[in-house]
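# Residue-level structural notes
Okay, here's what each chain looks like letter by letter:
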Amino acid sequence: MATAEVTDVTEVTDVTEVTKLTELETAIERIVTVFFTFAAKEGKKGTLTAGEFKELVRLQLPNLMKVRGLGGCSRSPGICRQEQPLFGEYWRLIGELAKAMRREKAGKK
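A brief look at the structure comes next. Just so we're clear, the structure is a prediction, and the values are computed from it rather than from any experiment.

So, on to the layout of surface pockets. By volume, the largest pocket amounts to about 400 Å³. If you go around the largest pocket, you meet 17 residues; those closest to its centre are Ala27, Ile31, Leu64, Ile94 and Ala98. At the level of elements, helix H1 (23-39), helix H2 (50-60) and helix H5 (87-107) are the ones that each hand at least two residues to the lining of the largest pocket. With eight residues, the single largest contributor to the lining of the largest pocket is H5. Residues belonging to the lining of the largest pocket are distributed by class as follows: 14 nonpolar, two polar and one charged.

Structure representation (structure tokens):
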């Protein structure tokens, strides 16, 4: 009798290898991937230099930053003052953009 090989999920580094992600899980995975794509260019791994952060905002968030009135460093000065913004600060910016989007959608009802 043949037995199926069981994959130990602790050995899998990419959750997408285990199962198909939901729409929300895919969105979160993409947010994390974008951060590490920009963080890998210069400086310490897992952090963004000021230049990387500005490039990420300019290339990946130009419309939301303008339309939602979150003019980059003016509304997120903590991130911009840091020499090496960490993922938590990036995530905080994403949260601020999401809150602005939620307020906008709630106002349209």
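This part is about the pattern of salt bridges. Within this structure, the stated rule accounts for two salt bridges. The residue Glu55 makes a salt bridge to Lys41 at a minimum N-O spacing of 3.5 Å. Taken together, the positions of Glu55 in helix H2 and Lys41 in the loop between H1 and H2 put the pair 14 residues apart, joining distant regions of the chain. Glu55 sits in the partly exposed class, given a relative accessible area of 25%.

Right, let's talk about the nonpolar core for a bit. Leu48, Leu56, Val57, Leu61, Met65, Tyr90 and Leu93 are the most contacted members of the largest nonpolar core, which has 15 residues in total. Listed by contribution, the elements that provide at least two residues to this core are H1, H2 and H5. Top contributing element to this core by residue count: H1, with five residues.

Quick look at H5 now. Over its 21 residues, H5 runs 30 Å from end to end, which matches the ideal 30 Å to within 8%, given 1.5 Å per residue. Residues of H5 that are buried: Glu89, Tyr90, Leu93, Ile94, Leu97 and Ala100. For H5, the angular spread of the buried residues around the axis is 150°, confining them to a single face. The exposed set on the far side of H5, more than 90 degrees from its buried face, consists of Arg102 and Lys105.

Let us look at the packing of aromatic side chains. Taken as a whole, this structure holds five aromatic pairs when the rule is applied. Seen from their ring centres, Phe35 and Tyr90 are 5.1 Å apart, and the 40° between their planes marks the pair as tilted. On the criterion of sequence distance, the pair formed by Phe35 in helix H1 and Tyr90 in helix H5 is long-range, its members being 55 residues apart. The two residues Phe35 and Tyr90 agree in class, both being buried. Note on Phe87 and Trp91: the rings are 5.9 Å apart at their centroids and 25° apart in plane angle, and the pair reads as stacked. Of this pair, Phe87 and Trp91 both sit in helix H5, four residues apart, roughly one helical turn. Look at Trp91 and you get partly exposed, because its relative accessible area is 38%. One aromatic cluster in this structure is built from Phe35, Phe36, Phe87, Tyr90 and Trp91. The ring of Phe38 has Lys41 lying over it, and the distance from NZ or CZ to the ring centre is 4.4 Å.

Conventions we followed
- Residues numbered from 1 in each chain as written.
- Predicted model: local features only at pLDDT ≥ 70, side-chain atom pairs only at ≥ 80, totals over all residues.
- Heavy atoms only, no water.
- 1 Å grid on protein atoms, 1.4 Å probe; cavity = no way out; pocket = protein on both sides within 12 Å on 5 of 7 lines; lining within 4 Å.
- Points joined across faces, edges and corners; volume = space filled by probe spheres on them.
- Helix = DSSP H or I, 4+ residues; strand = E, 2+ residues; numbered from the N terminus.
- Nonpolar A, V, L, I, M, F, W, Y, C, P; charged D, E, K, R; others polar.
- Salt bridge = Lys/Arg side-chain N within 4 Å of Asp/Glu carboxyl O.
- Buried < 20%, exposed > 50% of the residue type's maximum accessible area, 1.4 Å probe, protein only.
- Core = buried A, V, L, I, M, F, W, Y, C linked by side-chain atoms within 4.5 Å.
- Expected span 1.5 Å × (residues − 1).
- Arc of directions from axis to C-beta.
- Phe/Tyr/Trp six-rings, centres within 6.5 Å; stacked < 30°, edge-to-face > 60°.
- Lys NZ or Arg CZ within 6 Å of the ring centre and 35° of its normal.

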